[in-house]
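As a plain string of letters, each chain reads:
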Amino acid sequence: MGDSAPAEPHPFGARDNQAAEVAVGEEAVLPLIAETARIDKRAVETGRVRVTTRTETVEEVLRETLRSDHVGVTRVAINRTLAEGEVPPVVREENGVTIIPVLEEILVVEKRLVLREEVHVRQTTAGEDVEMPVTLRRQHAVIERVSPEGHVTALSPAPPSEIEP
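Note that the coordinates shown come from a computational prediction; the quantities given were computed from them, not determined experimentally.

Draft legend 1. Examining the overall build of the protein more closely. For the protein, the helix and strand inventory stands at 0 helices and 5 strands. When the helices and strands of the protein are listed from N to C terminus, the series reads β-β-β-β-β. Counting over 165 residues, the protein shows a buried share of 9%. By sequence separation, contacts in the protein at least 24 residues apart represent 66% of the contacts at least 6 residues apart. Carbon and sulfur atoms make up 52% of the accessible area of the protein, which amounts to about 14900 Å² in all.

If you want it as structure tokens, here you go:
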């Protein structure tokens, strides 16, 4: 019916004290307002961490007992002729001594087997303590927190050594 002026946008929460009447069949345009939110992110340096390692050397002496085996050889003369049909002796061990028979065939009018000697091999064990100096290296990590201005703000304590000399 009448001329209706377009409504001006109002901020949320503001009240419009004027009311507009719209007749049947007329159109009224109402502007709608919506707010949107946007979040921006940016990287801000709040500090740094510096990790360094230091290596120290420790002189130590390793001690160990070395074992060695010694073999003594003794020749035992036998000079016994084996009887006809007697089985020749074989290598054997008696009381920790290995006995190796040494046989010889000699020519007589007849052939005889003569046990000339036995070789007795005895094994003994001896121990010897030795010391050898060695250099061992061990590293530790030192961690520092550094502020954006370059000031050291915290130091991490070094953990106790897990390996004791």
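Draft legend 2. Representation of the pattern of salt bridges. Applying the stated criterion across every chain, the model contains 10 salt bridges. Between E118 and R92 there is a salt bridge, and its shortest N-O distance comes to 2.9 Å. Of this pair, E118 sits in strand β4 (residues 111–146) while R92 sits in strand β2 (residues 92–94), placing them 26 residues apart in sequence. The class of E118 is buried, set by a relative accessible area of 10%. Residue R116 pairs with E104 through a salt bridge whose shortest N-O separation is 2.5 Å. Of this pair, R116 sits in strand β4 while E104 sits in strand β3 (residues 97–107), and the two are 12 residues apart along the sequence. The class of R116 is partly exposed, set by a relative accessible area of 29%. Judged by its relative accessible area of 34%, E104 falls in the partly exposed class. Three or more residues are tied together by salt bridges with common partners; here these are R92, E94 and E118.

Draft legend 3. Main features of the pairing of β4. Two strands pair when backbone bridges link them, and strand β1 (residues 48–81) and β4 are joined in this way by 32 bridges, in the antiparallel orientation. Bridging across to β4, L66 finds its partner in E128. Bridging between β3 and β4 involves 11 bridges; their strand directions are antiparallel. Bridge pairing in β4 places L107 opposite K111. Two successive antiparallel strands, β3 and β4, enclose a turn made up of 3 residues.

Draft legend 4. Just the environment of L66, in detail. Relative to the helices and strands, L66 resides in strand β1. For the pair formed by L66 and G127, sequence separation is 61 residues and the distance between their alpha carbons is 5.6 Å.

Draft legend 5. Examining the confidence of the model for the protein more closely. Of the residues in the protein, 81% reach a pLDDT of 70 or more, and the chain-wide mean stands at 81. Mean pLDDT across the elements of the protein ranges from a minimum in strand β5 (residues 152–155), with 72, to a maximum in β2, with 93.

Draft legend 6. Expanded view of the side chain of E118. Within polar-contact distance, the side chain of E118 engages the side chain of H120 at 3.1 Å. Setting aside anything within four residues of it in sequence, one finds E118 in contact with T74, R75, V76, I78, R92, I99 and I100.

So, how was this worked out
Residues numbered from 1 in each chain as written. Predicted model: local features only at pLDDT ≥ 70, side-chain atom pairs only at ≥ 80, totals over all residues. Heavy atoms only, no water. Helix = DSSP H or I, 4+ residues; strand = E, 2+ residues; numbered from the N terminus. Buried < 20%, exposed > 50% of the residue type's maximum accessible area, 1.4 Å probe, protein only. Contact = heavy atoms within 4.5 Å. Areas by Shrake-Rupley, 256 points an atom, 1.4 Å probe, with all protein chains shown as cover. Salt bridge = Lys/Arg side-chain N within 4 Å of Asp/Glu carboxyl O. Pairing = 2+ DSSP bridges. pLDDT = per-residue confidence, 0-100. Polar contact = N/O pair within 3.5 Å; in protein donor to acceptor, adjacent residues only side chain to side chain.

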